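Understanding the architecture of this molecule
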Amino acid sequence: MTSPQELKSRISEIYAQQLRDRDGCCDGAACCEGSGSEGIYPAELLERMPEGTVTFGCGSPVALASLRPGERVLDLGSGAGLDCLFAAQQVGAEGSVIGVDFTQDMIDRATRNAAKLGLTNVSFRLGDIEALPLENASVDAVISNCVVNLAPDKAAVFREAFRVLSPGGRLMVSDIVLTRPATEEEMADLALLAGCISGSLPVTEYLDQVRAAGFEEARLEVEHEAEADQFWFSAAISAVKPL
Ligand SMILES: C[S@@+](CC[C@H](N)C(=O)[O-])C[C@H]1O[C@@H](n2cnc3c(N)ncnc32)[C@H](O)[C@@H]1O
């Protein structure tokens, strides 16, 4: 059986390779392919992004998080940084955005893209979202786009998100969730797992894990419906850290 650490290394290698294979936004096979990642960002926003911006997301957490100028934002599994770049523009010079990802190639690409846009309020840290390299109560909003499903220990991810949020802070995650539990065979299928599907959880279990970390007002809304032959769909999961 593959250990959680081995699994994470394989996932990181797969994403580093996918990044090398892709140069533009939403071009070609992606994580979450077929689950609605196509066309999730308005074309006019993407046009303003530098060449080499890539998304592997399945939703639009920045649009849903209603970020305000001056807020401090953390993006879990920031990839090549697209959501962080949008968020940095929304929170402005008084705010700040940190992206955390465990794939060095992603951190490098994201850092280059931020520099191309001249953004000084966004930075990227190499790290595991199950053990965040951030201090307690240091951000106002935690966003994430199609990443928590990949984490072997989702409870740790939500505990960490809760720890680094200030009281009253909010969680806004776009992710794949399941209409039924994945079978053992599906969970052992690395392509399906790294493709953001079989590592995820059914809706009730997903929300239970969010609440177990201490969050309140946990909600899940469909972002993109499942197609007839799919046991997964893309959802927006939101919750609040109590005051
Ligand atoms: C499907 S991609 C999404 C990337 C980005 N959020 C986007 O929307 O384009 C998943 C990303 O999560 C990162 N990742 C997966 N598991 C992680 C973990 N445990 N800690 C940190 N990063 C992780 C991968 O390196 C990859 O960049």
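One structure accompanies this document, and this report is about it. (Residues numbered from 1 in each chain as written. Predicted model: local features only at pLDDT ≥ 70, side-chain atom pairs only at ≥ 80, totals over all residues.)

Here helix α1 (residues 4-21) contains 18 residues, and its C-alpha end-to-end distance of 26 Å stays within 8% of the 26 Å for a straight helix at 1.5 Å per residue. Those residues of α1 that sit buried are Ile 11, Tyr 15 and Gln 18. Down the axis of α1, the smallest arc covering the buried residues is 60°, so these residues share one side. Within α1, the exposed residues directed more than 90 degrees away from the buried face are Gln 5, Glu 6, Gln 17 and Arg 20. (Helix = DSSP H or I, 4+ residues; strand = E, 2+ residues; numbered from the N terminus. Expected span 1.5 Å × (residues − 1). Buried ≥ 20, exposed ≤ 12 C-beta atoms within 10 Å, placed from the backbone. Arc of directions from axis to C-beta.)

The local shell around the ligand holds 27 residues, among which Gly 57, Gly 77, Gly 79, Thr 103 and Asn 145 are the closest. The set of elements that each furnish at least two residues to the shell around the ligand consists of α1, α4 (82-91) and β2 (96-101). Ranked by residues supplied to the shell around the ligand, first place goes to α1 with 4 residues. Within the shell around the ligand, the residues separate by chemical class into 14 nonpolar, 8 polar and 5 charged. (Near = placed C-beta within 6 Å. Nonpolar A, V, L, I, M, F, W, Y, C, P; charged D, E, K, R; others polar.)

Another aspect to go through is the packing of helix α6 (residues 154-164) against helix α9 (residues 203-212). Interaxial distance between α6 and α9 falls to 8 Å at its minimum, and their mutual angle equals 40°. Judged by the inter-axis angle, α6 sits oblique to α9. For the element pair α6 and α9, the recorded crossing hand is right-handed. When α6 is examined against α9, the residues Lys 154, Ala 155 and Phe 158 are found in contact with a partner set consisting of Gln 209, Val 210 and Ala 212. Along the lines of polarity and charge, the residues of the contact of α6 with α9 split into 4 nonpolar, 1 polar and 1 charged. (Axes fitted to C-alpha atoms, helices over the stretch in contact; angles between N-to-C directions. Parallel < 35°, antiparallel > 145°, perpendicular 65-115°, else oblique. Left-handed = near helix turned anticlockwise from the far one by under 90°. Contact = placed C-beta atoms within 7 Å.)

What follows concerns the nonpolar core. Among the nonpolar cores identified, the biggest contains 66 residues, and Val 73, Leu 76, Ala 87, Val 142, Ile 143 and Ala 161 are the most heavily contacted of them. Leu 76 has contacts with Val 100, Ile 129, Val 142, Ser 144, Val 147, Val 148, Val 157 and Ala 161, leaving out every residue within four places of it along the chain. (Core = buried A, V, L, I, M, F, W, Y, C linked by C-beta atoms within 7 Å.)

Further remarks concern the sheet that holds strand β3 (residues 122-126). Read across the open sheet, the 7 strands follow the order β3-β2-β1-β4-β5-β7-β6; overall the sheet is mixed. At either margin of the open sheet sits one strand with a lone partner, and together these are β3 and β6 (216-224). For this sheet, the mean inter-axis angle between neighbouring strands, taken without regard to orientation, is 20°. By the bridge criterion, 9 bridges tie strand β5 (residues 165-178) to strand β7 (residues 232-240) in an arrangement that is antiparallel. (Pairing = 2+ DSSP bridges.)

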